[in-house]
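In case you want the letters, here they are:
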Amino acid sequence: MLFYRIFPAIAAGCAVLMDVQRTKVDNGWLLFCMLISLCTRLWEKDLGSLGNWICGLLIPVLLLGILFLFRMLGAGDIKLLSVLGSLMGPVKILNCMFYSFLIGAVLSAALMVSSGIFSQRILYLLRYLCGYLKTGKREPYYKSGMPPENFHFTVPIFLSALLYAGGVY
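Asks: Describe the packing of helix α2 (residues 27–43) against helix α4 (residues 75–88), with residues and values.
Replies: The geometry of α2 relative to α4 is characterised by a closest axis approach of 9 Å and an angle of 15° between their N-to-C directions. If you check the angle between α2 and α4, you find them roughly parallel. Once α2 is placed against α4, the crossing between them reads as left-handed. Across the interface between the two elements, Asn27, Leu30, Cys33, Met34, Ser37 and Arg41 from α2 touch Gly76, Lys79, Leu80, Val83, Ser86 and Leu87 from α4. The class makeup of the residues in the contact of α2 with α4 is six nonpolar, four polar and two charged.

What follows is the structure, encoded as structure tokens:
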């Protein structure tokens, strides 16, 4: 159905606007989108697909929760991917996550290279990982006093949802 191809891009597009304007994705919007996806499943009277709905909803939380614990990914990003998973299903959300991280890596590398901080950021990541492996203590990836970064991961998620709407995966 065309709805399942188009609505994820609409949901992600609105989330990008919220994230860029307020640096927060509204939980009400995500809940609304999740309810829309559930209602469309129930409207089709396909109770067998509720398992796919639940799996699509849970896969991003289960796979990306560790990134949230280390403060490397925001809760809004994971919730947005969960909503998209409820619309796309478990297999397609894995593709969406893959493309989101690929697009995010390209955008992030381009921003770091253009600002001249690529090697500095790689060294910080290596020091962070070594510190964790030595102490086993979880600390936020960003410390106070670090320069703020304006990279919104909702942008790569939106671009991935557009690829899905366009039939790339």
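Asks: Give me unusual backbone geometry: which residues, what numbers.
Replies: Despite not being glycine, Thr23 shows a phi value in the positive range, around 55°. Inspection of the secondary structure assignment puts Thr23 in the loop between α1 (3–22) and α2.

Asks: Talk me through the packing of aromatic side chains; I want residue IDs and the actual numbers.
Replies: Two numbers describe a pair of aromatic rings. These are the distance of the centres and the angle of the planes. By the definition in use, this model includes seven aromatic pairs. Summarising the aromatic geometry, the rings of Phe3 and Phe7 are spaced 5.1 Å apart at their centres and angled 15° between planes, so their arrangement reads as stacked. Of this pair, Phe3 and Phe7 both sit in helix α1, four residues apart, which is roughly one turn of the helix. When its relative accessible area of 11% is taken as the criterion, Phe7 is described as buried. When the centroid spacing of 5.5 Å and the interplanar angle of 45° are considered together, the rings of Tyr164 and Tyr169 count as tilted. Accessibility assignment for this pair places Tyr164 and Tyr169 in one class, buried. A connected cluster of aromatic rings, assembled from ring pairs, spans Phe98, Tyr99, Tyr164 and Tyr169. The aromatic ring of Tyr164 is capped on one face by Arg5, whose charged end is 4.5 Å from the ring centroid.

Basis of the calculations
- Residues numbered from 1 in each chain as written.
- Predicted model: local features only at pLDDT ≥ 70, side-chain atom pairs only at ≥ 80, totals over all residues.
- Heavy atoms only, no water.
- Axes fitted to C-alpha atoms, helices over the stretch in contact; angles between N-to-C directions.
- Helix = DSSP H or I, 4+ residues; strand = E, 2+ residues; numbered from the N terminus.
- Parallel < 35°, antiparallel > 145°, perpendicular 65-115°, else oblique.
- Left-handed = near helix turned anticlockwise from the far one by under 90°.
- Contact = heavy atoms within 4.5 Å.
- Nonpolar A, V, L, I, M, F, W, Y, C, P; charged D, E, K, R; others polar.
- Phe/Tyr/Trp six-rings, centres within 6.5 Å; stacked < 30°, edge-to-face > 60°.
- Buried < 20%, exposed > 50% of the residue type's maximum accessible area, 1.4 Å probe, protein only.
- Lys NZ or Arg CZ within 6 Å of the ring centre and 35° of its normal.

Such coordinate-based values are descriptive only and should not be taken to indicate function.
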